[in-house]
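The residues making up each chain are set out below.
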Amino acid sequence: MPTYYSIDETLARRAKEMNSFWNYEPGSATASYRQEVDKAAAIAEAQKARVDPMYHEKIDRLLDTYARKLAENLNHGYAINARCPSVLIAGPANFPVRKKEKQNRASDANMKEWQEIQGILNRIRSVGTAGISSDDENALQKLREKLARHEREQEEMKAVNAYYRKHGTLDGCPLLSAEGAEKIKAVMVRDWRANPMPYNSYRLSNNNQTIRDVKARIAELEAKQSSPAPEGWSFEGGRVVMNQEENRVQILFDGKPDADIRSALKHAGFRWAPSQGAWQRMLNQNGVHAARSVTEQWMTPSAQPEPTIESQTEEESCSEEPAPFSYPQQSM
């Protein structure tokens, strides 16, 4: 079941009254919101069925982000619509035109935000379909294979261009099949450039940038594997653990943290993992710094370590609101 966030029924009713003579049906705004979240949940479940389980947590986080942001957007929209009545309700006499114009601008901005929120659904659909996750135990091998493939493509494109410059044709190019040569010719015919090449400079530049990016990720992962494991620390009411096996910085509490602490954890990018009984995020330099920042108010001076782990790229979003606590198998 997805997490549903609160819809302000009072605002929804007020917005309806300011724009329509029809009575507001109690609970209809909440019901409509939940229908949209259910549709998003169906998309998430379908994507889970298509990808490796390692991506399921990320999909859940994106779904929760969608549900939360959609509720915030809808509530904001109701507040905007309740600011000023429509001319149908108020009548044309002494109608607050400037106030209505300001309301319309706010509504346009709210609609733009709604469209951006809908883009999260496309992100859910794309999870696990491309790229190599740092959590993958074979990430280095896959990255090296990817690097070799792009380096090979780079050399082949340069060689084909050199052949074309020398002969003025692709016919007989040993690097291309007859079918491959015809496809490139067809593309060159449609090219708007005066003197197109089989592979234009932007293709070479883009591929070269990919090569540099992959090399950087390989160096990053190699440095992480060779560097000493960072140490965790304790604070009043819990401890921080560097879980190498899960590749996560984990914060474990002796009891259920209060609402303010949970809010601080979420703000710092930590998400509740019931299977681990911990609040966690990816184990990298940013994660270690975030753990130190969020726990330093509960720590003794001697317990504050300096992070040592190498940094790496991370995507973050929200996860499901924890259910009632039961430690160590907490349900928050």
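Note that residues are indexed from 1 along each chain, following the sequence as it is written. Per-residue local features are limited, in this predicted model, to residues with pLDDT of at least 70; the limit for side-chain atom pairs, both in listing and counting, is 80 or more; totals at the level of whole chains, interfaces and linings are taken over all residues. Excluded from the side-chain calculation are hydrogens and water; included are all heavy atoms of the structure.

With that settled, consider the nonpolar core. Buried Ala, Val, Leu, Ile, Met, Phe, Trp, Tyr and Cys residues form a nonpolar core when they are joined through side-chain atoms within 4.5 Å. With a 1.4 Å probe rolled over the protein chains alone, any residue whose accessible area is under 20% of its type maximum counts as buried; one over 50% counts as exposed, and the rest are partly exposed. Core analysis: the largest hydrophobic core is formed by 26 residues, its most contacted members being Tyr33, Tyr66 and Ile124. Every element with two or more residues in this core is listed here: helix H1 (9-17), helix H2 (28-50), helix H3 (56-81) and helix H5 (97-126). A helix here means a DSSP run of H or I that spans at least four residues, while a strand means a run of E at least two residues long, and both kinds are numbered starting from the N terminus. Among the elements that take part in this core, H3 stands out by supplying 8 residues, more than any other. Dropping the residues within four chain positions of it, Tyr66 is found in contact with Glu36, Val37, Ala40, Ile117, Gln118, Ile120 and Leu121. Counting residues in hydrophobic clusters, the runner-up holds 18 residues, among them Phe235, Ile261, Val288 and Val294. The criterion used for residue contact is that any of the two residues' heavy atoms lie within 4.5 Å.

What follows deals with the pairing of strand E3 (residues 248-253). In regular strands, side chains alternate between the two faces of the sheet. Counting buried positions along E3 yields 6 of 6 residues, so the element is predominantly enclosed. The two faces of E3 match: Arg248, Gln250 and Leu252 on one face and Val249, Ile251 and Phe253 on the other face are all buried. Here the rule is simple: two strands pair whenever DSSP picks up at least two bridges between them. Pairing analysis gives 6 bridges linking strand E2 (residues 238-243) to E3, with the strands arranged antiparallel. Note that in E3 the partner of Arg239 across the bridge is Leu252. If you look at the hairpin formed by E2 and E3, you'll find 4 residues sitting between the two strands, and Asn247 has a positive phi there, around 60°. Relative to strand E5 (residues 278-282), E3 is paired through 4 bridges, and the arrangement is antiparallel. Within E5, the position partnered with Arg248 by the bridge is Met282.

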